[in-house]
Amino acid sequence: MRPSGDMQAVRRPVALVALAIGAYVVLAVMAYWPVMPLDASKLPHPLGAGAGDPAQMSWFLAWTPFALGHGLNPFFTNYIDFPLGVNLASNTSVPLLGLLAAPVTFALGPVASFNLLMRVALASSATSMFLVSRRWVKWWPAAFSAGLLYGFGSYMTFEGSVHLDLAFMAIPPLLLWCFDELFVTRRRPPIKVGILLGLLSAAQLLIDPEILAYCAIMAAIGLIFLALAHSHEVAARIRLAAPGLLTACVCFGAVAGYPIGYFLAGPRRIPHGIQPAGVIAAFRVDLLRPVLRSSPQLTNPSGYLGVTLLVGLVVLAVLWRRLGMIRFAVACACAAFLLSLGPRLTVDGHSFGIWLPEALFEHVPVLVDLEPVRISGIEMLFLAVILAVGLDRTRSWILEHARTVQPLSEHPVEPRVEPRLRRVASRIRSDPGLHTVVLLVLVIVAFVPLLDQLPVVREQRVTAPQLTASLARSVPNGGVVLAFPYPRAHDDEPMLWQAADEMSFRLVGGYALVPGEAGRGSYFIAQGPDLSKLSSLLTRPSGVSGVPLESTCHTLEFVVRAYKLDALVLRMGTGAVRARAIGLLTKLLGPPTVSFEAGVAWYDLPGRKPARSC
C-alpha cells in the first residue's frame with residue numbers, strides 16, 4: 001500500500017532533517033580525520049597530546065563522573081594542586097559535558113570522551129542552527145547553509161582544535177529561538193518557553209559561563225534594537241513576556257544557584273578577576289579579520305569569512321533590508337563584531353589606541369574577564385540568520401518572477417534561428433530550477449575560502465599508556481605523585497596520566513586557574529621554596545652546579561615529607577639534562593623503579609628515606 005499524501009508530506013521534512021544532520025556528522029568526523037571519534041590514545045592539539053587545553057579538558061571530563069560516583073564535590077578538587085586544591089567553579093570544568101559523556105569515560109577513558117564530544121560539538125551546533133533557521137525559512141538548503149556557516153565557520157574550526165567548552169555552541173541558537181518566541185511571535189505559552197529558557201541558560205553555564213555571559217549581553221542589545229524598532233509596543237511586549245522571563249529566572253536559579261554561589265564564595269575562589277593580568281588584551285579580533293585569514297600579526301582566525309562570503313552577505317542584507325529579521329540580524333552582527341574588536345582598535349596587528357565600546361567592560365566585575373574574541377561565535381549566529389533568510393527570500397523571489405522576466409533579446413535574428421532561440425530563452429525564463437542551481441553554485445563558491453581551515457587538527461601524538469599503567473599498579477589509592485618538569489599550563493601531561501588512571505592518585509601542581517597575586521587568577525600554581533629549588537636542580541641544565549649533594553638531599557627529604565609523596569616521576573626526554581637528573585636522583589633514592597620513554601619513576605618514596613644519603 002502506498003503512503004497517503006499527508007504521510008508523504010510528513011516524511012519529507014523528517015527525511016530532509018535526517019539528511020542534513022547526517023551531512024553535519026560526516027563533516028564533523030572528516031574535520032578530525034584520520035583520528036576516529038572514539039580514539040582513546042590521541043588528542044588534537046597543535047603542540048601534541050598533553051600540551052595544554054585538550055589534556056586539561058580531558059581531566060575535567062574524567063573528574064565530574066568520578067566526583068559524583070565517590071560522593072565528592074564536583075566543583076572542588078585537591079586531586080590537582082595538592083594539598084591546597086582548586087575551585088572548579090572558577091574554571092571551565094564542563095560538568096554537564098562530563099556527566100553526559102560519563103558512559104564513554106567509564107568504558108573507554110576521558111580521551112575518547114574528548115574526541116567524541118569534539119565531533120558532537122561541531123555537528124550539534126550546526127544542527128541546532130539548521131533547526132532554528134527553519135523557523136524563518138522554507139527552503140531547506142538555506143537553513144542548511146546557515147548551519148554550515150555557524151557549525152563549521154572560522155570560530156568553530158579554531159576553537160574545535162583546542163577548546164571543547166567554547167566549541168560546544170548548540171545552545172545559543174536555541175536561546176535566540178526562546179527570545180523570538182517570547183517577544184516576537186508568541187505562539188507558545190510564555191511559562192513553557194520560560195522553563196526552556198531557564199534550563200538552557202543553566203546548561204550553558206555548566207558548559208561555558210563566558211559564552212552565556214556574551215549571550216546575555218547580546219540578548220540585552222537585541223532587545224534594545226527591538227524596542228527602538230517597535231517603540232509603540234514596548235510596554236505590551238514586556239507585559240506579555242514577563243511571566244516567561246520570571247519563570248526562566250526561577251529555573252535558572254534552581255539549577256545554577258549552587259555553582260554560582262561556589263564561584264562567588266567557595267574555597268580557593270578567585271576574588272579579584274578570573275583572568276591573569278594582560279590576557280584579555282591578547283584575545284581580540286583584528287579589524288581586517290573578516291577578509292584576512294592569516295598574516296604574521298594575526299594568529300586567531302575567529303571571525304574570518306573571506307571576501308566572497310562577506311560580499312554575499314552584504315548583498316543579501318542590502319537586497320532584503322526591508323525585512324525586520326534581516327535588519328535585526330545585521331544590527332546584532334555588527335554589534336557583536338564591534339565588541340569582538342576589544343577595548344582598543346587593532347588593524348593588521350597594530351594597535352591605534354582608539355577607544356571602543358568593549359572598554360566599558362574593563363570596570364565591570366565578571367565582564368572584565370570576558371575575552372572579546374569569544375563573541376565571534378555569537379556574531380556567526382546572526383550572520384547565519386542573514387544567510388538563511390536572505391537565500392530563502394531570494395529563491396522565493398525567483399519562483400515568483402521567473403515567468404514574468406522580459407525576453408533576453410529584442411533584436412531581430414535570422415528566421416531559421418529565431419524559433420530555436422525563443423525556445424532556449426523561454427526555457428531560461430520559465431525554469432526556476434536553473435536559477436536555484438545558479439544560486440546554490442554561488443553559495444558553494446562563497447564557502448570555498450573556509451575550506452582551508454579543514455582538517456581542524458594538523459598533528460596528533462599518542463599518550464603514555466605504559467607509564468599510566470605502571471602508576472595505576474604501583475601508587476596506592478589516594479597517593480600523591482610529583483612530576484618534573486612541574487605540571488602547569490601548557491605542560492600538563494601528568495593530568496592525562498591521572499585521568500586515564502581513574503583518579504587513583506593525587507597530583508602536586510597542574511593546569512587550572514587559582515588565586516594568584518592580589519587575588520587575581522593565575523595559571524601558575526604556587527610552589528613552595530623547596531619545591532621550586534628541587535625543580536631547578538632537576539630540570540635546568542646548570543641546576544646542580546655548585547650545589548652540595550647534602551643540600552639537595554635535605555631539599556628532597558623536606559619535599560617528600562611536606563607533600564606526603566608516594567612517587568616521583570621524571571618525564572623529560574632524552575639528553576644530558578635527563579641523564580644528569582636520573583643520576584642525581586639515583587644517588588639520593590636508589591635506582592628508579594621503572595623507566596619508559598615517557599618518564600622514569602621512583603615509587604614507595606617514604607620507604608626509600610633520602611635522608612640516609614645525607
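Everything below is about the structure printed above this text.
As the structure is a computational prediction, the values presented were derived from the model and not from experiment. (Residues numbered from 1 in each chain as written. Predicted model: local features only at pLDDT ≥ 70, side-chain atom pairs only at ≥ 80, totals over all residues. Heavy atoms only, no water.)

Novice: Quick rundown of the packing of helix H9 (residues 171–185) against helix H11 (residues 209–229)? Include the residues and the values.
Specialist: Taken N-terminus to C-terminus, the directions of H9 and H11 make an angle of 30°; their axes are 11 Å apart at the nearest point. Looking at the two axes, H9 sits roughly parallel to H11. Classified by chirality, the crossing of H11 by H9 is right-handed. Here Pro-172, Leu-175, Phe-179, Phe-183 and Val-184 of H9 come into contact with H11, specifically with Ile-211, Cys-215, Ala-219, Leu-223 and Leu-226. For the contact of H9 with H11, a count of residues per class yields 10 nonpolar, no polar and no charged. (Axes fitted to C-alpha atoms, helices over the stretch in contact; angles between N-to-C directions. Helix = DSSP H or I, 4+ residues; strand = E, 2+ residues; numbered from the N terminus. Parallel < 35°, antiparallel > 145°, perpendicular 65-115°, else oblique. Left-handed = near helix turned anticlockwise from the far one by under 90°. Contact = heavy atoms within 4.5 Å. Nonpolar A, V, L, I, M, F, W, Y, C, P; charged D, E, K, R; others polar.)

Novice: So what about the pairing of strand E11 (residues 567–570)? Which residues, and what values?
Specialist: On E11, burial covers both faces: Ala-567 and Val-569 on one face and Leu-568 and Leu-570 on the other are all buried. Summarising the sheet, strand E7 (residues 479–484) and E11 pair through four bridges and their orientation is parallel. By the bridge assignment, Ala-483 is partnered in E11 with Val-569. Relative to strand E13 (residues 600–603), E11 runs antiparallel, the two being bridged by four bridges. (Buried < 20%, exposed > 50% of the residue type's maximum accessible area, 1.4 Å probe, protein only. Pairing = 2+ DSSP bridges.)

Novice: Would you mind going over the environment of Arg-134 in detail, with residue names and values included?
Specialist: Along the chain, Arg-134 falls in the loop between helix H5 (110–133) and helix H6 (140–152). Note on Arg-134: relative accessible area 27%, which makes it partly exposed. Note: C-alpha distance between Arg-134 and Phe-144 (10 residues apart in sequence) is 9.0 Å. Other than its neighbours up to four places away in sequence, Arg-134 contacts Trp-139, Trp-140 and Ala-143.

Novice: Can you tell me about the nonpolar core, naming the residues and giving the values?
Specialist: With 157 residues, the main nonpolar core has Leu-164 and Met-218 as its most contacted residues. Ranked by residue count, the leading element in this core is helix H16 (residues 376–401), at 12 residues. Look past the residues within four positions of Leu-164 in its chain and what remains in contact with it is Met-57, Leu-61, Leu-97, Phe-114, Leu-117, Met-118, Ala-121 and Glu-159. Counting six residues, the second largest nonpolar core, distinct from the first, contains Val-285, Leu-341, Leu-356 and Val-373. (Core = buried A, V, L, I, M, F, W, Y, C linked by side-chain atoms within 4.5 Å.)

Novice: With reference to specific residues and values, describe the layout of surface pockets.
Specialist: If you add up the space inside the second largest pocket, you get close to 550 Å³. As for the second largest pocket, its lining consists of 26 residues, and the residues nearest its centre are Leu-176, Gly-222, Leu-226, Phe-328 and Phe-382. Among the secondary structure elements, those contributing two or more residues to the lining of the second largest pocket are H9, H11, helix H15 (324–340) and H16. The leading source of residues in the lining of the second largest pocket is H11, at eight residues. (1 Å grid on protein atoms, 1.4 Å probe; cavity = no way out; pocket = protein on both sides within 12 Å on 5 of 7 lines; lining within 4 Å. Points joined across faces, edges and corners; volume = space filled by probe spheres on them.)

Novice: Account for the side chain of Thr-468, naming residues and giving values.
Specialist: The topology assignment puts Thr-468 in helix H19 (residues 465–474). For Thr-468, a relative accessible area of 13% corresponds to the buried category. Residues contacting Thr-468, with those up to four places away along its chain left out, are Trp-497, Ala-500 and Asp-501.

Novice: Run through the pairing of strand E4 (residues 344–347), naming residues and quoting values.
Specialist: Pairing between E4 and strand E5 (residues 350–355): three bridges, direction antiparallel. Its bridge partner lying in E5, Val-347 is registered against His-350.

Novice: Which residues make up the packing of aromatic side chains, and what are the values?
Specialist: Aromatic ring pairs are defined here through the distance separating the ring centres and the angle between the ring planes. Following the criterion strictly, the structure yields 14 aromatic pairs and no others. Look at Phe-179 and Phe-183: their rings are 6.2 Å apart centre to centre, the planes differ by 5°, and that puts the pair in the stacked class. On the criterion of helical spacing, the pair formed by Phe-179 and Phe-183 is a turn pair, its members being four residues apart in helix H9. Accessibility expressed as a relative area gives 22% for Phe-179, which makes it partly exposed. Relative accessible area serves as the criterion here: at 6%, Phe-183 is assigned to the buried category. Taken together, the aromatic side chains of Tyr-24, Phe-130, Trp-140, Phe-144 and Phe-152 make up a single cluster linked through ring pairs. In this arrangement the basic side chain of Arg-393 is found over the ring face of Trp-320, its NZ or CZ atom lying 5.5 Å from the centre. The side chain of Arg-506 reaches across the aromatic face of Tyr-79, ending 4.3 Å from its centre. (Phe/Tyr/Trp six-rings, centres within 6.5 Å; stacked < 30°, edge-to-face > 60°. Lys NZ or Arg CZ within 6 Å of the ring centre and 35° of its normal.)

Novice: Describe unusual backbone geometry, naming the residues involved and giving the relevant values.
Specialist: Here the bond from Trp-33 into Pro-34 is cis, since omega is 10°, no more than 30 degrees from zero. Secondary-structure assignment places Pro-34 in the loop between helix H1 (5–31) and strand E1 (42–44). Following Phe-82, the chain continues into Pro-83 via a peptide bond in cis, with omega recorded as 5°. Counting through the fold element by element, Pro-83 comes out in the loop between strand E2 (76–77) and strand E3 (86–87). Backbone geometry places Arg-186, a non-glycine residue, at a positive phi of 55°.

Novice: For the packing of helix H10 (residues 190–205) against helix H12 (residues 234–265), give the residues involved together with the corresponding values.
Specialist: Where H10 meets H12, the closest approach of the two axes is 7 Å, and the angle between their N-to-C directions is 30°. By the angle class used here, H10 and H12 are roughly parallel. Here H10 runs over H12; the crossing is right-handed. Facing H10, whose interface residues are Pro-190, Ile-191, Gly-194, Ile-195, Leu-197, Gly-198, Leu-199, Ser-201, Ala-202 and Leu-205, H12 presents Leu-240, Pro-243, Gly-244, Leu-245, Thr-247, Ala-248, Cys-251, Phe-252, Val-255, Ala-256, Pro-259 and Ile-260. The residue makeup of the contact of H10 with H12, split by class, is 17 nonpolar, five polar and no charged.

In short, the description is geometric, and any link to function would need to be established separately.
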